[in-house]
Amino acid sequence: MANHKSALKRIRANEAKRLRNRYQHKTTRTFIKRLKSSTDKAEAQELLKTVTSMIDKLAKKNIIHKNNAANKKSKLTRFVNAIA
């Protein structure tokens, strides 16, 4: 266990950030699942805008790698474009 006041504060801050990151990542995954289950093209395009923004935010905050974000966005865009 940490002995210094600053180390204890760092532990608390890290835990708060970890929980926030987990929440944002999980919310994004839920939206991705919602997008993949969508069959309506117009609805899927609206969801794609939201999901793309969420993925960009995750990459900006280093929650996911930028290449991972690019791959996800590319795959989802191809999925939406393939919907008849």
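Above this text sits the structure in question.
Predicted, not measured: the structure shown is a model, and the values here were computed from it.

1. Details of the overall build of the chain
Move 1: When helices and strands are tallied, the chain shows three helices and zero strands.
Move 2: For the chain, the N- to C-terminal ordering of α and β elements is α-α-α.
Move 3: Taken against the 2.2 N^0.38 rule, which gives 12 Å for 84 residues, the C-alpha radius of gyration of the chain at 17 Å runs more than 25% over that of a compact globule.
Move 4: In terms of overall dimensions, the chain has C-alpha extents of about 60 × 20 × 15 Å along its principal axes.
Move 5: Expressed as a percentage of the 84 residues in the chain, the buried residues total 21%.
Move 6: Within the chain, contacts between residues at least 6 apart in sequence are counted, and of these 53% link residues at least 24 apart.
Move 7: Here the chain contributes 23 positive and 5 negative side-chain charges, whose respective centroids are spaced 13 Å apart.

2. Topic: the pattern of salt bridges
Move 1: This structure, assessed with the given rule, holds three salt bridges.
Move 2: A salt bridge links Glu15 to Arg18, with the nearest nitrogen and oxygen atoms 2.9 Å apart. One end of the pair, Glu15, and the other, Arg18, are both in helix 1 (residues 5–36), three residues apart, so they sit about a helical turn from each other.
Move 3: Owing to a relative accessible area of 39%, Arg18 belongs among the partly exposed residues under this scheme.
Move 4: The residue Lys49 makes a salt bridge to Glu46 at a minimum N-O spacing of 3.7 Å. Of this pair, Lys49 and Glu46 are both found in helix 2 (residues 41–60), three residues apart, which corresponds to roughly one turn of the helix.
Move 5: Given a relative accessible area of 56%, Lys49 falls into the exposed group.

3. With respect to the packing of helix 1 against helix 3 (residues 66–82)
The geometry of a pair of packed helices is captured by two quantities: the angle between their axes and the separation between those axes.
Move 1: Contact pair helix 1 / helix 3: the axes reach a minimum separation of 11 Å and the direction vectors enclose 25°. As the angle between them shows, helix 1 and helix 3 are arranged roughly parallel. As for the relative orientation of helix 1 and helix 3, their crossing is left-handed in sense. From helix 1, Ile32, Leu35 and Lys36 reach across to helix 3, where they touch Lys72, Leu76, Phe79 and Val80.
Move 2: Its residues assigned to classes, the contact of helix 1 with helix 3 shows five nonpolar, no polar and two charged.

Criteria and cut-off values
Residues numbered from 1 in each chain as written. Predicted model: local features only at pLDDT ≥ 70, side-chain atom pairs only at ≥ 80, totals over all residues. Heavy atoms only, no water. Helix = DSSP H or I, 4+ residues; strand = E, 2+ residues; numbered from the N terminus. Rg over C-alpha atoms; globule rule 2.2 N^0.38 Å. Buried < 20%, exposed > 50% of the residue type's maximum accessible area, 1.4 Å probe, protein only. Contact = heavy atoms within 4.5 Å. Lys, Arg positive; Asp, Glu negative; His and termini not counted. Charge placed at Lys NZ, Arg CZ, Asp CG, Glu CD. Salt bridge = Lys/Arg side-chain N within 4 Å of Asp/Glu carboxyl O. Axes fitted to C-alpha atoms, helices over the stretch in contact; angles between N-to-C directions. Parallel < 35°, antiparallel > 145°, perpendicular 65-115°, else oblique. Left-handed = near helix turned anticlockwise from the far one by under 90°. Nonpolar A, V, L, I, M, F, W, Y, C, P; charged D, E, K, R; others polar.

Scope: geometric values only; no functional claims are made or implied.
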